[in-house]
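Observations on chain architecture
Chain residues, written in single-letter form:
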Amino acid sequence: MKKVILILVLMIVGLSANLVGDGFKEYNKGNKLKAIELFSKACNTANYDGCNKLGLMYYHGDGVRQDKSKAVELYTKSCNNGDTTGCFYLGILYSNGDGIKQDKRKSKELYTKACDGENSGGCENLGLMYDTGDGVRQDKVKALKLWTKACNIGAIQSCKNLGLMYFNGNGVKQDKAKAKVFYSKACNGGNIESCFNLGILYVEDNNIEQTKSIAKELFGKACDGGIMDGCKYYKRLNEQGVK
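Here we look at the overall build of the chain
In terms of helices and strands, the chain carries 13 helices and 0 strands. For the chain, the spread of C-alpha atoms along the three principal axes comes to 75 × 45 × 40 Å. Taken over 243 residues, the chain has a buried fraction of 41%. In the chain, once contacts between residues fewer than 6 apart in sequence are set aside, the share between residues at least 24 apart is 42%. Here the chain has roughly 13,300 Å² of accessible surface; of this, 52% comes from carbon and sulfur atoms. Counting 36 positive and 26 negative side-chain charges, the chain places the averaged centre of each group 3 Å from the other.

See below:
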């Protein structure tokens, strides 16, 4: 009997996963009503990714009448069943008082739950709360630890934040070598501002020709990403004959 139950559970999980995937396909084809139907079925069969996607549609009024209270309800269901993305989304709503009464303490609790479950956004936003003292006692050391965790699990903005902290000596001892490591990670992850900041560090690096070439490449990337100062620095190095 136990084996039969296990097989049935696995079948339900597989079906639920397919519902989310099929819902996403329908959404991308513009069939939003069908997507809502499939996400709803997934949510009701314990696939909480379906709840999250449905929550986003209700939050934005995307294919359905906007209903932020419904989004809160769906994220709460997801979070209460251990889905860290649901906790993260719900934390944002509580933090901003968006669709629900603002409650920074509740937001902190939700971000913590998300972060403990390896949700990079939860760690990043909790770090921001501690960095700025938003709803909590300001604590740069905690912000550093949280952003380090977030950066290590893929939150590119946290990598940039760490670069800034080490570059400016903000809450930590100034360490431009560490700033370079985190800016590099953020730049490689697509954060254009970090590419520019990294370029500045390479220009400052004893004015060595090799590092100036790296800086030029970084400024070019920043320029292509719309940072005008990147264009200016690229032009300046180009006029100096830097390859």
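Now that the structure has been shown, the text picks up again.
Brief notes about helix α4 (residues 68-80)
For α4, spanning 13 residues, the distance from its first C-alpha to its last is 18 Å, which sits close to the expected 18 Å at 1.5 Å a residue. Within the span of α4, buried status applies to Ala71, Val72, Leu74, Tyr75, Ser78 and Cys79. All buried residues of α4 project into a common sector of 170° when viewed along the axis, lining one side. Its buried side turned inward, α4 meets α2 (32-44), α3 (48-60), α5 (84-96) and α6 (104-116). The residue sitting at the N-terminus of α4 and contributing the capping side-chain oxygen is Asp67; that oxygen lies 3.2 Å from the backbone nitrogen of Ser69. Remark: Gly82 follows α4 within two positions and exhibits a positive phi of approximately 90°.

Quick look at the pattern of salt bridges
Counted according to the given criterion, the structure contains 14 salt bridges. The closest approach of N and O atoms between Glu109 and Lys106, which form a salt bridge, is 3.2 Å. Separated by 3 residues within a single helix, Glu109 and Lys106 lie in helix α6, roughly one turn from each other. Judged by its relative accessible area of 27%, Lys106 is partly exposed. Between Lys140 and Asp131 there is a salt bridge, and its shortest N-O distance comes to 2.8 Å. Several salt bridges converge on common partners, so that one network encompasses Lys34, Glu37 and Lys41.

Digging into helix α13 (residues 228-239)
Over its 12 residues, α13 extends 17 Å from the first C-alpha to the last, a length consistent with the 16 Å expected when each residue adds 1.5 Å. By the burial criterion, the buried members of α13 are Gly230, Cys231 and Leu237. Down the axis of α13, the sector holding all buried residues measures 135°, keeping them to one side. Exposed side of α13, more than 90 degrees from the buried face: Met228, Lys232, Lys235 and Glu239 are the residues found there. Just past α13, the residue Gly241 takes up positive phi, approximately 85°.

Description of the environment of Gln157
If you trace the backbone, Gln157 turns up in helix α9 (residues 156-168). What makes Gln157 partly exposed here is its relative accessible area of 33%. Separated by 60 residues in the primary sequence, Gln157 and Gly97 place their C-alpha atoms 23 Å from one another. When near neighbours in sequence (up to four residues on either side) are disregarded, Gln157 contacts Glu124 and Asn191.

Thoughts on the confidence of the model for the chain
Chain-level pLDDT for the chain is 90 on average; 91% of the residues reach the 70-or-more range. Across the chain, element-level confidence peaks in α6 with a mean pLDDT of 98 and bottoms out in helix α1 (residues 2-28) with 60. Note that pLDDT drops below 50 for residues 1-15; the model gives that stretch 1 contact with residues more than four away or on any other chain.

Observations concerning the packing of α3 against α5
It is at 10 Å that the axes of α3 and α5 come closest, and there the two elements cross at 25°. What the angle tells us is that α3 and α5 run roughly parallel. As α3 runs across α5, the sense of the crossing is left-handed. Across the interface between the two elements, Asn52, Leu56 and Tyr59 from α3 touch Thr85, Gly86, Tyr89 and Leu93 from α5. Per-class residue counts for the contact of α3 with α5 are 4 nonpolar, 3 polar and no charged.

Conventions we followed
- Residues numbered from 1 in each chain as written.
- Predicted model: local features only at pLDDT ≥ 70, side-chain atom pairs only at ≥ 80, totals over all residues.
- Heavy atoms only, no water.
- Helix = DSSP H or I, 4+ residues; strand = E, 2+ residues; numbered from the N terminus.
- Buried < 20%, exposed > 50% of the residue type's maximum accessible area, 1.4 Å probe, protein only.
- Contact = heavy atoms within 4.5 Å.
- Areas by Shrake-Rupley, 256 points an atom, 1.4 Å probe, with all protein chains shown as cover.
- Lys, Arg positive; Asp, Glu negative; His and termini not counted.
- Charge placed at Lys NZ, Arg CZ, Asp CG, Glu CD.
- Expected span 1.5 Å × (residues − 1).
- Arc of directions from axis to C-beta.
- Polar contact = N/O pair within 3.5 Å; in protein donor to acceptor, adjacent residues only side chain to side chain.
- Salt bridge = Lys/Arg side-chain N within 4 Å of Asp/Glu carboxyl O.
- pLDDT = per-residue confidence, 0-100.
- Axes fitted to C-alpha atoms, helices over the stretch in contact; angles between N-to-C directions.
- Parallel < 35°, antiparallel > 145°, perpendicular 65-115°, else oblique.
- Left-handed = near helix turned anticlockwise from the far one by under 90°.
- Nonpolar A, V, L, I, M, F, W, Y, C, P; charged D, E, K, R; others polar.

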